[in-house]
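The chain contents come next:
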Amino acid sequence: MALDVLVSLVNELKQRIQRHHDLLQKNETLTRYVLIDPLLRALGWDTENPNYVQPETTTQAGRPDYTLMQDGRKVAFIGAKALGKQEDLVQQVSYCVSEGVRYFIATDGSRWEVYDTNIQKPLPEKRVAEWDIASMDAGEVVRRAFSIFRP
């Protein structure tokens, strides 16, 4: 996807957050459809192809909202929440550790945080990238979001 198209999408997502803020705060599924899925697709994750994205995959430790796949292996779990809500990061990172998945991504559709579960430090120091669509410049969001780009 061209960089200018990605920046335009981020600006559109920012408008959706402003326009539908109250609805998105009450509805995780809507947040996934109108904010999370479009950004994942723009970053190369075909949300309709289970070779790349598997929603609600049951694991021994729990059920992450998304599993990102690369070459048949799980590379990241995503925990999605309604706008303004937060994930239980300790629980989610434990899913990754128990399944041998290196990355965990927490998002409410606007704020995104990427954690490297292999880093042997306290949880806050495992965060390797973060961005907030609602409050940041679209170009900066795109630059940071490339941390989860699927080549």
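Starting afresh in each chain, residues are numbered from 1 along the sequence in its written order. Where totals are concerned, whole chains, interfaces and linings use all residues; where local detail is concerned, this predicted model gives features only for residues with pLDDT of at least 70, and gives and counts side-chain atom pairs only at 80 or more. The basis for the side-chain values is all heavy atoms of the structure; hydrogens and waters are excluded.

## Here's the deal with the nonpolar core
- Counting 33 residues, the largest nonpolar core has Leu39, Trp112, Trp131 and Ile133 as its most contacted members.
- The set of elements that each furnish at least two residues to this core consists of helix 1 (3-19), helix 3 (28-42), strand 2 (66-70), strand 3 (73-80), strand 5 (111-116), strand 6 (127-132) and helix 5 (138-145).
- Residue contacts are defined here by distance: any two heavy atoms, one from each residue, within 4.5 Å place the two residues in contact. Residues in contact with Leu39, not counting those within four places in the same chain, are Leu6, Leu9, Leu13, Trp112, Trp131 and Ile133.
- To form a nonpolar core, buried Ala, Val, Leu, Ile, Met, Phe, Trp, Tyr and Cys residues must be joined to one another through side-chain atoms within 4.5 Å. Summary of the burial criterion: residues with accessible area below 20% of their type's maximum are buried, those above 50% are exposed, and those between are partly exposed, where the area comes from a 1.4 Å probe applied to protein chains only. Core analysis: the second largest hydrophobic core is formed by eight residues, Tyr95, Cys96, Val101 and Tyr115 among them. By the criteria applied, helices consist of DSSP H or I runs no shorter than four residues and strands consist of E runs no shorter than two, each listed in order from the N terminus.

## Here's the deal with the pattern of salt bridges
- Any Lys or Arg side-chain nitrogen located within 4 Å of an Asp or Glu carboxyl oxygen qualifies as a salt bridge. Using the criterion set out here, one finds 14 salt bridges in the structure.
- Between Arg32 and Glu56 there is a salt bridge, with the nearest N and O atoms lying 2.7 Å from each other. Placement of the pair is Arg32 in helix 3 and Glu56 in the loop between strand 1 (53-55) and strand 2, with a sequence separation of 24 residues.
- Given a relative accessible area of 30%, Glu56 falls into the partly exposed group.
- A salt bridge links Arg32 to Asp65, with the nearest nitrogen and oxygen atoms 3.5 Å apart. Here Arg32 is found in helix 3, whereas its partner Asp65 is found in the loop between strand 1 and strand 2, with 33 residues between them in sequence.

## Thoughts on the pairing of strand 4 (residues 103-107)
- By the criterion of burial, strand 4 is predominantly enclosed, with four of the five residues buried.
- As paired strands, strand 3 and strand 4 are joined by five bridges and run parallel to one another. The residue of strand 4 that forms the bridge with Ile78 is Ile105.
- In terms of handedness, the path from strand 3 via helix 4 (residues 89-99) over to strand 4 forms a crossover that is right-handed.
- Any two strands with at least two DSSP bridges between them are considered paired. Relative to strand 5, strand 4 runs antiparallel, the two being bridged by five bridges. Residue pairing across strands places Phe104 opposite Tyr115, the latter belonging to strand 5.
- Connecting strand 4 to the antiparallel partner strand 5 that follows it, the hairpin turn spans three residues, and Gly109 within it adopts a positive phi of roughly 95 degrees. By definition, the crossover connecting two strands over a helix is right-handed if that path, from the first strand to the second, turns clockwise as seen with the strands pointing away from the viewer.

Purely geometric stuff here, so don't read any function into it on its own.
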